[in-house]
Amino acid sequence: MRHFLKTTDLSAREIIELVQDAIANKGEHSNILAGKSLGMIFAKPSTRTRVSFTVGAYELGGHVMFISEREMQLGRGETIEDTARVLSAYLDGVVIRTYSQDDLERFAAAATIPVINGLTDERHPCQALADLMTIREYHDDLTKVKVVYLGDGNNVSTSLASVCAAVGAHVVVCTPPDLASPEWAVREAIGLAAASGGVAEYTTDPATAVRGADFLYTDVWFSMGQQKNPLKSRQLEPYRIDEAMLAQTSPECRVMHCLPAHRGEEISAAVLDGPRSIVYQQAENRLHAQKELMKRLMVDAQA
Ligand code: CP
Ligand code: NVA
């Protein structure tokens, strides 16, 4: 049984092929998932992930059932394992958005259907596939691309770094010292870069990080489930992507954000809504990339 709980559940070759197929197969309507049902269990809000998986499954001929986690018996003490075993009997795949990556992995270990990570506190691998697809739409050779993430060392940053490192890109994660990527994420990306010939760098200095960047990327200061706090905001101020930050890059450098965005916090309105922003293309690419992912996991899935 193949799951997609983290970007490393696909090899570098598989990631590159998925991205290329997602570009080539945009707009596909087929019946490849006919007779199959995708469940979506979400413990956090979602606009893009929920709708893009729903529409993507419909466009491939499948059915979708959305289930808010708090409406399930999980909230009343049913175990993750029992839930996974029972849902495996009804469904052909499940997308889960939750807090703990460990809980997601427990679910997957007990499931006999493919499990897809729709975001945890630690990782957001589906976002990373769409991000790489978007980068690939601007650059044929991913090994010549420099991607710079600025901001909180969060779930989006860990998956972005891993996927870029896996395909041989140069990725820089630039965070305040107290908000650095977790050690496991740094080890993972550096190991992937060593194998691919890419570079994974971690720094706290935005001025040197953005030099020569092809893409600047940022994400919210407070992820779902986190309390706002003024100290963290102050620490992140120098990492905001604004006109001054963008002026330090070449005119070809594009700006990325997984959305939802907070204009005036991690990114200025002028940059997010400006000509170098490719954020809506990224959001659209969630649909295309995830259709390819569902085809790979849900068609001919072996228990
Ligand atoms: N980027 C992303 O995952 O968006 P949603 O939270 O709206 O799904
Ligand atoms: N880091 C953000 C991403 C939202 C898509 C969060 O976890 O809330």
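Reading guide: rules and limits
- Residues numbered from 1 in each chain as written.
- Chains lettered and ligands numbered in written order.
- Predicted model: local features only at pLDDT ≥ 70, side-chain atom pairs only at ≥ 80, totals over all residues.
- Heavy atoms only, no water.
- Pairing = 2+ DSSP bridges.
- Helix = DSSP H or I, 4+ residues; strand = E, 2+ residues; numbered from the N terminus.
- Axes fitted to C-alpha atoms, helices over the stretch in contact; angles between N-to-C directions.
- Polar contact = N/O pair within 3.5 Å; in protein donor to acceptor, adjacent residues only side chain to side chain.
- Contact = heavy atoms within 4.5 Å.
- Near = heavy atom within 4 Å.
- Areas by Shrake-Rupley, 256 points an atom, 1.4 Å probe, with all protein chains shown as cover.
- 1 Å grid on protein atoms, 1.4 Å probe; cavity = no way out; pocket = protein on both sides within 12 Å on 5 of 7 lines; lining within 4 Å.
- Sits in = over half its atoms within 2 Å of the grid points.
- Nonpolar A, V, L, I, M, F, W, Y, C, P; charged D, E, K, R; others polar.
- Expected span 1.5 Å × (residues − 1).
- Core = buried A, V, L, I, M, F, W, Y, C linked by side-chain atoms within 4.5 Å.
- Buried < 20%, exposed > 50% of the residue type's maximum accessible area, 1.4 Å probe, protein only.
- Salt bridge = Lys/Arg side-chain N within 4 Å of Asp/Glu carboxyl O.

S.K.: Explain the sheet that holds strand E3 (residues 93-97) to me, using residue names and the numbers behind them.
M.R.: Read across the sheet, four strands follow the order E2-E1-E3-E4 without closing on themselves; strand pairing throughout is parallel. Strand pairing shows two members of the sheet lacking a second neighbour, strand E2 (63-68) and strand E4 (115-117), which therefore form its edges. Across the sheet, the mean angle separating the axes of adjacent strands is 20° when strand polarity is ignored. Here strand E1 (residues 37-42) pairs with E3 via five bridges, running parallel.

S.K.: Please provide a residue-by-residue account of the side chain of Ser 159, values included.
M.R.: Within the secondary structure, Ser 159 is located in helix H6 (residues 155-166). Within the structure, Ser 159 has its side chain in polar contact with the backbone nitrogen of His 124 (distance 2.9 Å). The residues touching Ser 159, leaving out its near neighbours within four places in the chain, are Thr 7, Arg 123, His 124, Pro 125 and Ala 128.

S.K.: Could you give me a rundown of the site of ligand 2, with the residues and numbers involved?
M.R.: Every residue close to ligand 2 is listed here: Leu 119, Asn 154, Asn 155, Val 156, Asp 219, Val 220, Ser 223, Met 224 and Leu 259. Measuring from a nitrogen atom of ligand 2, one finds a side-chain N or O atom of Asn 154 at 3.4 Å. Within the contact set of ligand 2, an oxygen atom lies 2.7 Å away from a backbone nitrogen or oxygen of Met 224. For ligand 2, whose accessible area on its own is 270 Å², the fraction buried by protein is 94%. At a threshold of 2 Å from the grid points, most atoms of ligand 2 map onto the largest pocket. A breakdown of the residues in the shell around ligand 2 according to their chemical character gives five nonpolar, three polar and one charged.

S.K.: Now, about the site of ligand 1: what can you tell me, with residues and values included?
M.R.: In the vicinity of ligand 1, the contacting residues are Ser 46, Thr 47, Arg 48, Thr 49, Arg 97, His 124, Gln 127, Cys 258, Leu 259 and Arg 286. Measuring from a nitrogen atom of ligand 1, one finds a side-chain N or O atom of Gln 127 at 2.9 Å. Of the pockets mapped on this structure, ligand 1 occupies the largest pocket. Split into classes, the residues belonging to the shell around ligand 1 amount to two nonpolar, five polar and three charged.

S.K.: Account for helix H2 (residues 48-59), naming residues and giving values.
M.R.: The terminal C-alpha atoms of H2, which comprises twelve residues, lie 16 Å apart, in line with the 16 Å expected from a rise of 1.5 Å per residue. Along its buried surface, H2 packs onto E1, E2, E3, E4, helix H5 (125-138) and helix H12 (279-298). Just beyond H2, the residue with positive phi is Gly 61, at close to 90°.

S.K.: Give a description of the nonpolar core that names residues and reports values.
M.R.: Formed by 51 residues in total, the largest nonpolar core has its most connected members in Phe 4, Leu 38, Phe 53, Ile 116, Leu 129, Leu 293 and Met 294. Sorting elements by how many residues they give to this core places H5 first, with seven residues. Discounting residues that sit within four places of it in the chain, Ile 116 has contacts with Phe 4, Phe 53, Val 94, Val 95, Ile 96, Cys 126, Leu 293, Met 294 and Leu 297. With 21 residues, the next largest nonpolar core counts Val 172, Met 245, Leu 246 and Leu 259 among its residues.

S.K.: Give a detailed account of the environment of Gln 290, specifying residues and quantitative values.
M.R.: Mapped onto the elements, Gln 290 comes out in helix H12. When its relative accessible area of 0% is taken as the criterion, Gln 290 is described as buried. Measuring from C-alpha to C-alpha, the distance between Gln 290 and Cys 126 comes to 6.9 Å, with 164 residues separating the pair along the chain. Residues in contact with Gln 290, not counting those within four places in the same chain, are Thr 49, Ser 52, Phe 53 and Cys 126.

S.K.: Lay out the pattern of salt bridges with the relevant residues and their values.
M.R.: Applying the stated criterion across every chain, the model contains 20 salt bridges. In this structure, Glu 28 and Lys 295 form a salt bridge, with 2.5 Å as the shortest nitrogen-oxygen distance. Remark: Lys 295 occurs in helix H12 and Glu 28 occurs in the loop between helix H1 (12-24) and E1; sequence separation between them is 267 residues. Taking the relative accessible area as the measure of exposure, Glu 28 reaches 18% and is therefore buried. One salt bridge in this structure joins Lys 144 and Asp 141, with 3.0 Å as the shortest N-O distance. Classification of Lys 144 as exposed rests on a relative accessible area of 64%. For Asp 141, a relative accessible area of 32% translates into the label partly exposed. The structure contains a network of salt bridges with shared partners spanning Asp 21, Glu 28, Glu 292, Lys 295 and Arg 296.

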